Amino acid sequence: MNVDMLPDNPYLLMTPGPLSTTKTVKAAMLRDWCTWDSDYNQITQNIRQRLVQMASTSLDYTAVLLQGSGTFAVEATIATMMPADGKLLVLANGAYGQRMGLIAKRCGISCQVKDSGELAPPDRGWLENVLIKDKEISHVAVVHCETTTGMLNPVADIGKIVKFYGRTFLVDAMSSFGGIPMDMEEIGADFLVSSANKCIQGVPGFGFVIAKRTVLEGTAGQARSLSLDLYDQWRTMEQHGGKWRFTSPTHVVRAFAQALDELDEEGGVTERYRRYSRNQSLLTEGAAELGFRSLLPIHLQSPIITAFHSPKASGYDFTDFYQRLKAAGFVIYPGKVSQHDTFRIGNIGAVEAEDIHGLLQAMKLAINW
């Protein structure tokens, strides 16, 4: 099929995922696949191999795909990696760190959440002290890019401390993997979680976990759920050539394979990171000229999503602002910060510099009350 025949979207998703995808990624979903067929299972195997190659140059890692949203994959990881006598420490500075603590609580896992506040990175000095004092802590978890604010947390520095004191380290890289260069070996991550509909620019339908093989092998029998048993999902894929335990999102998987091809064509993660960074710089500089203030200082800001203070002008209303931008072809996010009135704009996905310029023009017109 000629992809140009596919209809254009009525607007761009200026969000951190789901995000706007290319027509060729969407076109990849126009064929049906059998979950038992070897051709389809080989697609899964190829994806797993490519994810590991993206995550590290080391051969010590393996990948497993899991049906559902990224949160499903985070929950599967927490509920599988934690032994009955383990204790999880979550370093939180936003909604998604807090969500990991809630997952642990719902699963009956001993957990401590250290909240550094929405506008501050985790306190590494405090982390070192607590790991020295509290020998019950067996695992530490943190979000890499906390999309509540757009903050990029110092996972490499945190990982050095966690590994020095011999704990297992989980990194929620939901909104960063594939868009920011990283190496799990250098970070010290034993588990890294992300999703199909983020920086690799696929569509929603599955999450994935890249894990240190020896650590994952040690989690057999620990899962608190049948469908979210990360170990059993991995073992089935290992032993049966890419087969999923239960019905998989076949069309989404094929679209993800296409998205990986397009990531390679762009020049890999490094080039995608450069594009995202250029987009984010254009956005913040242009928004500043219009009078919008970024929530975070630049040294804490990720190239993924930016939170802006809402204007103090008497005529400003977010719903009206949102609808005006949507009518102009751009969908943004409401704020998620508890202490400040904000809105958020993502710049990942099939978004180029000209799209950012178009958004800024729409923002200029939208605030002309």
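Since we're looking at a predicted model, the values are computed, not measured.

Colleague: Which parts of the structure should I look at to understand the overall build of the chain?
Modeller: Across its full length, the chain holds 13 helices and 14 strands. Here the C-alpha radius of gyration of the chain, 21 Å, is about what a compact globule of 369 residues would show, namely 21 Å. With 369 residues in all, the chain has 55% of them scored as buried. Here the analysis covers contacts within the chain between residues at least 6 apart in sequence; of these, 71% occur between residues at least 24 apart. Counting every atom, the chain has about 15600 Å² of accessible surface; 50% of that belongs to carbon and sulfur. The distance from the centre of the 35 positive side-chain charges to the centre of the 39 negative ones in the chain is 4 Å.

Colleague: What is the right way to look at the packing of helix H12 (residues 318-327) against helix H13 (residues 353-366) in this model?
Modeller: Axes are the key here: two packed helices are described by the angle between their axes and the distance separating the axes. As a packed pair, H12 and H13 sit with axes 9 Å apart at the nearest point and diverge in direction by 135 degrees. Judged by the angle between their axes, H12 and H13 are oblique. For the crossing formed where H12 meets H13, the hand is right-handed. Residue-level contacts link Phe 321, Arg 324 and Leu 325 of H12 to Leu 359, Ala 362, Met 363, Leu 365 and Ala 366 of H13. Of the residues contributing to the contact of H12 with H13, the split by class is seven nonpolar, no polar and one charged.

Colleague: When you look at the nonpolar core in this model, what are you seeing that I'm missing?
Modeller: If you look at soluble globular proteins, the nonpolar side chains tend to sit buried side by side. Judged by nonpolar contacts, the single largest core of 87 residues is most densely connected at Leu 51, Ile 78, Leu 127, Phe 177 and Ile 210. The dominant element in this core, judged by the number of residues it contributes, is helix H10 (residues 250-266), at eight residues. Beyond its immediate stretch of four places on either side in the chain, Ile 78 contacts Leu 88, Met 100, Ile 103, Ala 104, Ile 109 and Leu 170. Residues Tyr 316, Phe 343, Leu 359 and Ala 362 belong to the second largest nonpolar core, which totals 21 residues.

Colleague: I would appreciate a short explanation of the pattern of salt bridges in the present structure.
Modeller: Between side chains of opposite charge, a pair can form when the charged atoms approach closely. Here the structure, examined in full by the defined rule, presents 13 salt bridges. The partner of Arg 48 in a salt bridge is Glu 238, and the shortest N-O contact between them spans 2.7 Å. Linking Arg 48 in helix H2 (residues 38-55) with Glu 238 in helix H9 (residues 230-239), this pair joins segments that are 190 residues apart in sequence. The exposure class of Glu 238 is partly exposed, given its relative accessible area of 34%.

Colleague: I tried to follow the packing of aromatic side chains on my own but got confused; where do I start?
Modeller: Applying the stated criterion to the full structure yields twelve aromatic pairs. The interplanar angle of 85 degrees and the centroid separation of 6.0 Å between the aromatic rings of Phe 206 and Trp 244 together place this pair among those described as edge-to-face. Of the two residues, Phe 206 sits in strand E10 (residues 206-212) while Trp 244 sits in the loop between H9 and H10, which places them 38 residues apart along the sequence. We note that Phe 206, like Trp 244, is buried.

Colleague: What am I meant to see in the sheet that holds strand E4 (residues 110-115) here?
Modeller: Each strand in a sheet pairs with another by means of backbone hydrogen bonds, the pair being arranged parallel or else antiparallel. Read from one edge to the other, the open sheet built from seven strands follows the order E2-E10-E9-E8-E5-E3-E4, with strand pairing classed as mixed. With one partner strand each, in any of the chains shown, strand E2 (61-67) and E4 form the two edges of the open sheet. Taking each pair of neighbouring strands and ignoring which way they run, the sheet shows an average axis angle of 20 degrees. In this sheet, strand E8 (residues 168-172) lies alongside strand E5 (residues 139-143) in parallel orientation, the contact comprising five bridges. Within E8, the position partnered with Val 143 by the bridge is Asp 172. Sheet strands touched by helix H3 (residues 70-81): E2, strand E3 (87-92), E5, E8, strand E9 (191-195) and E10. Its angle to E9, the strand with the most contacts, is close to 160 degrees. Contacting E3, E4, E5 and E8, helix H4 (residues 95-106) runs over the sheet at an angle of about 160 degrees to E3.

Colleague: Explain the sheet that holds strand E11 (residues 305-309) here, please?
Modeller: As summarised here, the arrangement of the three strands in space is E11-E14-E13, forming an open sheet in which the pairing is antiparallel. The open sheet terminates on both sides in strands that have one partner only, identified here as E11 and strand E13 (333-334). Pairing of E13 with strand E14 (residues 342-346) involves two bridges; the strand directions are antiparallel. From the neighbouring strand, Tyr 333 faces E14, where its bridge partner is Arg 344. Running at roughly 10 degrees to E11, helix H11 (residues 268-289) makes contact with E11 and E14 of the sheet.

Definitions and cut-offs
- Residues numbered from 1 in each chain as written.
- Predicted model: local features only at pLDDT ≥ 70, side-chain atom pairs only at ≥ 80, totals over all residues.
- Heavy atoms only, no water.
- Helix = DSSP H or I, 4+ residues; strand = E, 2+ residues; numbered from the N terminus.
- Rg over C-alpha atoms; globule rule 2.2 N^0.38 Å.
- Buried < 20%, exposed > 50% of the residue type's maximum accessible area, 1.4 Å probe, protein only.
- Contact = heavy atoms within 4.5 Å.
- Areas by Shrake-Rupley, 256 points an atom, 1.4 Å probe, with all protein chains shown as cover.
- Lys, Arg positive; Asp, Glu negative; His and termini not counted.
- Charge placed at Lys NZ, Arg CZ, Asp CG, Glu CD.
- Axes fitted to C-alpha atoms, helices over the stretch in contact; angles between N-to-C directions.
- Parallel < 35°, antiparallel > 145°, perpendicular 65-115°, else oblique.
- Left-handed = near helix turned anticlockwise from the far one by under 90°.
- Nonpolar A, V, L, I, M, F, W, Y, C, P; charged D, E, K, R; others polar.
- Core = buried A, V, L, I, M, F, W, Y, C linked by side-chain atoms within 4.5 Å.
- Salt bridge = Lys/Arg side-chain N within 4 Å of Asp/Glu carboxyl O.
- Phe/Tyr/Trp six-rings, centres within 6.5 Å; stacked < 30°, edge-to-face > 60°.
- Pairing = 2+ DSSP bridges.

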